[in-house]
Amino acid sequence: MKTKRMLSKYNYLLPVIVLLVAITIFPLLYSLIVSLTNLRLTSMEGPKFVGLKNYYEILFHDKRFWRSLYNTFTIAVPALVLEAIIGLGIALLLNRGIRGKKIITVLLILPVVIPPITTGLIWRMLYHEKYGAINGLLYAIGIKYQITWLSTPGLAKFAVIITDVWQWTPFMMMMILAGLQSIPVECIEAAEIDGANAFQRFIYITLPMLRYTIMVATLLRIMDLIKLFDVIFVLTMGGPGGTTETISIYTYLVSFRAFRMGFGSALSYLVLIITVLFSTYFIKIVRGKGK
Amino acid sequence: MRRAAVVKDIFTYIALGLALFFALFPIIWTVSMSFKTIAEYYTFPPVWIPRIPTLDNYKYMLFTWTSGLKYLINSTIVASLNTILILLISIPAAYAIARFRIGYKNLSFWILSQRMLPPIAVVIPYFLLLRRLHLIDTYWGLVMVYLPFNIGFAVWLLIGFIQDFPQDIEEAAMVDGCSRLKAIVRVVLPIIAPGLAVCAIFCFIFCWNEFMFALILTRESAKTVTAQLAAFQSPTKIMWGEISALVVLAIIPVFVLALSVQRYLVRGLAMGAVKE
């Protein structure tokens, strides 16, 4: 009787477990096997087992892989820092109990919810050197030079960072605002009575109490930035000269333009490993909070 | 003292005004583009507000089947099917985790971690497997690959909603002779209905916004609006006005949906790790 009841309780979880095994574990094992072969969709011969050769090639001989990793992090770090600082700033301003807070917040979060592919297209129009709005605005204030935002190596990376900041700063702002609202007013008031000035209250009370929220938001953003694909796909497709080729774009080009599926699978496994490191840390933090 | 406060307020509004300009200008510019004729979007310095607004771009997107409307409908179908399946799978799972505490410690985090899976890590096996199953460019192929990504936070959101709901009420129903399943359907679900709606809306938005899978796993008949938007990149002539119209049409539904769950946006985006 009791085992029968236990069984029926596990039935509730059966669909989700079947689903996860069939749609994530099995495909991941499948691609692990593919990553050990030289599968190419363009070649007539069948795939051959090559062992760890793909991984060896990537880690020790593939400059393009290391460059794409470098690009991913040199886009992710400045974007993240800007998003955190601006997001914190706006959240603090909104939290001052100003009028119109609700409507301002709604308008500010608009970029977060729209499809990233539309973000890419919108910014591609803005950056256009001949007809774009940014050069148009610069023209209006007297800078007559037409800047080629997306085809100059240094600028293209900058353009990608700004686009990410535009879309994701509101996310940081929302998270921090939620964190700020959970800080008990008494804490701040007590510090005020003890003679702490606004700056001290911020450094010693507000910031430490926001630590968990900021950590969670940062880790979520890091994992998103490792995946960065959609916006670059329409803005630069990795160019010019590979300066915005992130790890996801590189893997895509190898697998679906050159159709080197074996090599691409090995690359994708390395991306997976990097993400798992961050997500393990994320889960550890969220769990710690639960206790 | 009072003067200092006024100065502070003025500074606050100026800073927020700048933030609003940065956030909204790109969208307003795109909306303006969508009402421009070809002569107006190919000029420099740019025309900020179209002199004679035209609806031609919207007409082209909505009344020429293979330019926009078809893909908006495809996106709707894929997102709706996925949302229904997600609810069917995640309601019992969330209930079991919240009430029976099965897998409360490990399974729930494993489910959550699905959301963090990088799409590029699974898109290659999905492509190879769906090709074998002849499911490339079908609704069901796309619906299936979106499941793991949505299940993670759907289960997490629902665990939260079920835990907020007192157990006594459903136990009372069970004492009155309801089976547990009946108690769930008749008592629990109606009460957590707002939570279910929030969960459904997040699933829908995720599917609607997704791009990489749609790009790689569809060709023409199941192509979604995001994949169609990327396909406009012809090197010769870029139809900015028409693209802007489709961008606006793709943004409106998600914006309306997001507004309706605005209160839960933080919870949804942070996968339940932060609650407001």
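What you see is a predicted model; the values in this text were computed from it and never measured.

Caption draft 1: Expanded view of the overall build of chain B. Looking only at helices and strands, one finds 14 helices and zero strands in chain B. When the helices and strands of chain B are listed from N to C terminus, the series reads α-α-α-α-α-α-α-α-α-α-α-α-α-α. In terms of C-alpha radius of gyration, chain B reaches 23 Å, well past the compact-globule figure of 19 Å for 276 residues. Its C-alpha atoms give chain B principal-axis dimensions of roughly 75 × 75 × 35 Å. Per-residue burial for chain B yields a buried fraction of 48% across its 276 residues.

Caption draft 2: The arrangement of the overall build of chain A in detail. Secondary structure assignment for chain A yields 14 helices and zero strands. Its helices and strands in sequence order give chain A the pattern α-α-α-α-α-α-α-α-α-α-α-α-α-α, from N to C terminus. For 291 residues, the compact-globule estimate of 2.2 N^0.38 gives 19 Å, and chain A exceeds it by more than 25% at 24 Å. Expressed along its principal axes, the backbone C-alpha trace of chain A runs to roughly 80 × 75 × 35 Å. When burial is assessed residue by residue, chain A has 42% of its 291 residues classed as buried. Pairs at least 24 residues apart make up 69% of the contacts formed inside chain A by residues separated by at least 6 positions.

Caption draft 3: The interface of chain A and chain B, seen in detail. Counting residues at the interface gives 78 residues for chain A, matched by 78 residues for chain B. Considering every element that reaches the side of chain A that touches chain B, the biggest residue donor is helix α14 (residues 261-290) of chain A, with 12 residues. Class assignment of the residues belonging to the side of chain A that touches chain B gives a composition of 57 nonpolar, 15 polar and six charged.

Caption draft 4: Region of interest: unusual backbone geometry. A cis amide bond, omega -10°, links Gly239(A) with the succeeding residue Pro240(A). Along the chain, the position of Pro240(A) falls in the loop between α12 (230-235) and α13 (247-256). Phi at Met237(A) takes a positive value of approximately 55°, unusual for a residue other than glycine. Mapped onto the elements of the fold, Met237(A) is located in the loop between α12 and α13. Of note, Asp137(B) is a non-glycine position whose phi angle comes to about 65°, a positive value. Structurally, Asp137(B) is set in the loop between α6 (119-132) and α7 (139-163).

Caption draft 5: Here's a closer look at the domain arrangement of chain B. All names here are of chain B. According to the domain assignment, chain B consists of domain 1 (2-57) and domain 2 (61-269). Put simply, the middle of domain 1 and the middle of domain 2, counted by C-alpha atoms, are 32 Å apart. Each partner contributes to the interface: domain 1 provides nine residues, whereas domain 2 provides eight residues. Put simply, the parts of the chain that give the side of domain 1 that touches domain 2 at least two residues each are α1 (2-34) and α2 (38-41). In terms of residue count, α1 provides more of the side of domain 1 that touches domain 2 than any other element does, four residues in total. Of the residues assigned to the side of domain 1 that touches domain 2, the class counts are four nonpolar, four polar and one charged.

Caption draft 6: Inspection of the nonpolar core at higher detail. Formed by 167 residues in total, the largest nonpolar core has its most connected members in Met175(A), Ala94(B), Val155(B) and Leu158(B). Broken down by element, this core gets its largest block of residues, 17 residues, from α7(B). Counting contributing residues, this core receives three or more from each of domain 1 (2-57) and domain 2 (61-269) of chain B. Residue contacts for Leu158(B): discarding those within four places in its chain leaves Ser90(B), Ile91(B), Ala94(B), Gly195(B) and Cys199(B).

Caption draft 7: Layout of α1(B). All names here are of chain B. Compared with an ideal rise of 1.5 Å per residue, which puts 33 residues at 48 Å, α1 spans 47 Å between its outermost C-alpha atoms and is within 8% of the ideal. Along α1, the sharpest kink reaches roughly 40°, centred on Leu24 and followed within four residues by the proline Pro26. Within the span of α1, buried status applies to Leu16, Ala19, Ala23, Pro26, Ile27, Trp29, Thr30, Met33 and Ser34.

Caption draft 8: Here's a closer look at the environment of Tyr139(B). Residue and element names in this part refer to chain B. Relative to the assigned elements, Tyr139 resides in helix α7. Accessibility expressed as a C-beta count within 10 Å gives 18 for Tyr139, which makes it partly exposed. Ignoring anything within four residues of it in the chain, the contact list for Tyr139 reads Ile77, Val78, Leu81 and Ala222.

Caption draft 9: Inspection of the packing of helix α4 (residues 63-94) of chain A against helix α11 (residues 198-226) of chain A at higher detail. All names here are of chain A. One can describe the packing of α4 onto α11 by two numbers: an axis separation of 10 Å at closest approach and a directional angle of 150°. Note on packing geometry: the crossing formed by α4 with α11 is right-handed. Across the interface between the two elements, Thr72, Ala76, Ala79, Leu80, Glu83 and Ala84 from α4 touch Ile214, Thr218, Arg221, Ile222, Leu225 and Ile226 from α11.

Caption draft 10: Region of interest: the confidence of the model for chain B. All names here are of chain B. Looking at chain B as a whole, its pLDDT mean stands at 88, while 97% of the residues score no less than 70. Mean pLDDT across the elements of chain B ranges from a minimum in helix α14 (residues 265-269), with 80, to a maximum in helix α11 (residues 212-217), with 96. Here the predicted complex scores 0.92 on pTM and 0.91 on ipTM.

Caption draft 11: Quick look at the environment of Leu69(A). All names here are of chain A. Position of Leu69 among the secondary structure elements: in helix α4. Residue classification places Leu69 among the partly exposed residues on the basis of 17 C-beta atoms within 10 Å. Each C-alpha atom, one on Leu69 and one on His128, is 27 Å from the other, the two residues being 59 residues apart in sequence.

Thresholds, definitions, all that
- Residues numbered from 1 in each chain as written.
- Chains lettered and ligands numbered in written order.
- Predicted model: local features only at pLDDT ≥ 70, side-chain atom pairs only at ≥ 80, totals over all residues.
- Helix = DSSP H or I, 4+ residues; strand = E, 2+ residues; numbered from the N terminus.
- Rg over C-alpha atoms; globule rule 2.2 N^0.38 Å.
- Buried ≥ 20, exposed ≤ 12 C-beta atoms within 10 Å, placed from the backbone.
- Contact = placed C-beta atoms within 7 Å.
- Nonpolar A, V, L, I, M, F, W, Y, C, P; charged D, E, K, R; others polar.
- Domains from an automatic or database assignment.
- Core = buried A, V, L, I, M, F, W, Y, C linked by C-beta atoms within 7 Å.
- Expected span 1.5 Å × (residues − 1).
- Bend = angle between axes of the 7 residues up to and from the residue.
- Axes fitted to C-alpha atoms, helices over the stretch in contact; angles between N-to-C directions.
- Left-handed = near helix turned anticlockwise from the far one by under 90°.
- pLDDT = per-residue confidence, 0-100.

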